[in-house]
Amino acid sequence: MSRNPIAYCLLPSPPGRGARRAGWVLPIPYSLFPIPCSLFPIPYSLSPLKPMFPYLITIRPLGLLYASAGGFLSPENLVGRAQAKFPPDAYTLSGLIFSANKSQNFASQEDLSQNLFVAGPFWAKLDEFEASQEFYVPIPSTKMIGNDDVNTWELHDDGWRQSNPDSEMTPAFKWQKLSAWNQDSDTLLHQKAVAKEPWKYLSMLHPRLKPDERCVREQDGLFLENAVQLDDNACLVYLSTVPLETGWYRFGGENHLVEIESHPLQETHPLVSLLQQPITRSFALLTPAVWGSNRISYRYPQHPDFPQPRWLLMAKAIPFRFRAGGRQKADGSRDTGRLGRGRYAVKPGSVYVLDDSLNQTWWESPEAWYPKEGYSLKQVGCGLCLPLDIAGL
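Description of the overall build of the protein
- Assigned secondary structure in the protein consists of 6 helices and 27 strands.
- Burial statistics for the protein: of 393 residues in total, 50% are counted as buried.
- Of the contacts formed within the protein by residues at least 6 apart in sequence, a portion of 76% connects residues at least 24 apart.
- Total accessible area computed for the protein in this model is approximately 19600 Å², and 49% of it derives from carbon and sulfur atoms.

Some points on the sheet that holds strand β7 (residues 150-156)
- Overall, antiparallel pairing links the 3 strands, which are arranged β6-β7-β8 in an open sheet. The open sheet has two edge strands with one neighbour each: β6 (143-145) and β8 (159-162). The sheet shows a mean angle of 20 degrees between the axes of neighbouring strands, direction not considered.
- As defined by bridge partners, β6 adjoins β7 across 3 bridges and the pair is classed as antiparallel. Residue pairing for β7: M144 is matched across the bridge by N151.

Digging into helix α2 (residues 90-104)
- Given a rise of 1.5 Å per residue, 15 residues ought to cover 21 Å, and the 21 Å separating the end C-alpha atoms of α2 matches this to within 8%.
- By the criterion of burial, α2 is predominantly enclosed, with 13 of the 15 residues buried.
- A positive phi of about 55 degrees marks N105, the residue just after α2.

Some thoughts on the packing of aromatic side chains
- All told, the structure shown has 14 aromatic pairs when counted by the stated rule.
- Between F86 and W199, the aromatic rings sit 5.2 Å apart at their centres with planes inclined by 75 degrees, giving edge-to-face as the arrangement. One end of the pair, F86, is in the loop between β3 (65-66) and α2; the other, W199, is in strand β11 (residues 199-207), with 113 residues separating them in the sequence.
- Judged by its relative accessible area of 9%, W199 falls in the buried class.

Focus on the nonpolar core
- Core analysis: the biggest nonpolar cluster contains 92 residues, and L93 and F135 have the highest contact counts within it.
- When residues in this core are grouped by element, the largest group, 7 residues, is from α2.
- Setting aside anything within four residues of it in sequence, one finds L93 in contact with I57, I59, V118, Y238, L244 and F251.
- Of all hydrophobic cores here, the second largest spans 9 residues; its members include I139, A180, L189 and A193.

Section: a negative patch on the surface
- Residues D148, D149, D184 and D186 make up a contiguous surface patch of negative charge.
- With respect to the helices and strands, the residue D148 is situated in the loop between β6 and β7.

A word on the sheet that holds strand β14 (residues 222-230)
- Strands sit in the order β3-β14-β11 across an open sheet of 3 strands; the sheet is antiparallel. Each having just a single partner strand, β3 and β11 make up the two edges of the open sheet.
- Here β11 pairs with β14 via 9 bridges, running antiparallel. Within the sheet, the bridge partner assigned to H206 lies in β14 and is F223.

Details of the pairing of strand β17 (residues 256-264)
- As paired elements, strand β2 (residues 55-61) and β17 share 7 bridges and run antiparallel to each other. Within the sheet, the bridge partner assigned to R60 lies in β17 and is E259.
- Here strand β16 (residues 247-251) runs beside β17; their pairing, made up of 5 bridges, is antiparallel. Bridge assignment links W248 to a residue of β17, and that residue is E259.

Quick look at the pairing of β7
- Linking β6 back to β7 in an antiparallel pair, the connection comprises 4 residues.
- In this structure, β7 lies alongside β8, joined through 4 bridges in antiparallel fashion. Residue L155 lies in a different strand from β8, and its bridge partner there is W160.

About the criteria used
Residues numbered from 1 in each chain as written. Predicted model: local features only at pLDDT ≥ 70, side-chain atom pairs only at ≥ 80, totals over all residues. Heavy atoms only, no water. Helix = DSSP H or I, 4+ residues; strand = E, 2+ residues; numbered from the N terminus. Buried < 20%, exposed > 50% of the residue type's maximum accessible area, 1.4 Å probe, protein only. Contact = heavy atoms within 4.5 Å. Areas by Shrake-Rupley, 256 points an atom, 1.4 Å probe, with all protein chains shown as cover. Pairing = 2+ DSSP bridges. Axes fitted to C-alpha atoms, helices over the stretch in contact; angles between N-to-C directions. Expected span 1.5 Å × (residues − 1). Phe/Tyr/Trp six-rings, centres within 6.5 Å; stacked < 30°, edge-to-face > 60°. Core = buried A, V, L, I, M, F, W, Y, C linked by side-chain atoms within 4.5 Å. Patch = residues over 30% accessible without salt bridge, like charges linked within 9 Å, V, L, I, M, F, W, Y side chains within 5 Å. Salt bridge = Lys/Arg side-chain N within 4 Å of Asp/Glu carboxyl O. Lys, Arg positive; Asp, Glu negative; His and termini not counted. Charge placed at Lys NZ, Arg CZ, Asp CG, Glu CD.

Structural data, given as structure tokens:
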């Protein structure tokens, strides 16, 4: 029998410290690659938000992309692991947009802090994205898809059961096309609507040479860095309410160069209708979810307006960190950024079945459901979810 996902209690405090800057703007690309402003008009004052993300932001690394900072660092593992926090979470892009606004000045910082919403991470194959803006999202936990076989978690009176309890199949795919969101496992496999992640992990050894000869220093002469290499035909995808000018930017904690483009979301895109479809009794997460207060994380919102979950299908919680900005001084300047409280998040793909219908979209969910650190974690796409069809419900 396949391994049963377990609903874990989320711990209230992090196991360590450590983070880096969210991103800095590289000022040179606009002179190298001038882009007419008419291609991607950027408003000076943001209009009220529409109930959807109007832009898709694609990110292509110019070389290797590092994620060695990780969510939490330990004294025994100061280098960290690249796979621990890859792809970069949405708050990394949020920090980059705020940094870009200081030089591009497309909105006031106050308007941006109120109206900027980002969500992700997702990814896309370049040829599919250019043709139809297709991109890949995490597969819901109810669907287990192997190379040649599938299995499904179904609901019965006594809880979850597998459609094929004798199967020893191990899921081989973690991502599916958004356009095939509510397709069953067999259809996803036969239509090749599933895929494996398009990145691989590399370890790079950086020598530090002596100042007077080409020899490695006798002490601290080698530094091991974990990197991620993205396929040439792939890019990272994020949802955003605010576009960025096309160009080269420094992205992530290690400030490596990436090429960023903003694409207006097509009105006929499946995401538009899915985000506007009210959630009834069941939904699945597309992004990590942190529910609760600033100190304690829960598996679901502890709010009287949120229906009590009847069944949950989720794996072990994952580390999640959000960096809040520094406090404002009396003279108007700000302190250096303070590291937000670390916490655990519910993993993307987790499935919720509620006692009563929610009857609202993710956009309509109140901010009281989310922690607030500087601003609500809802603004960095926390807990973004879509309605899900479940067999037996």
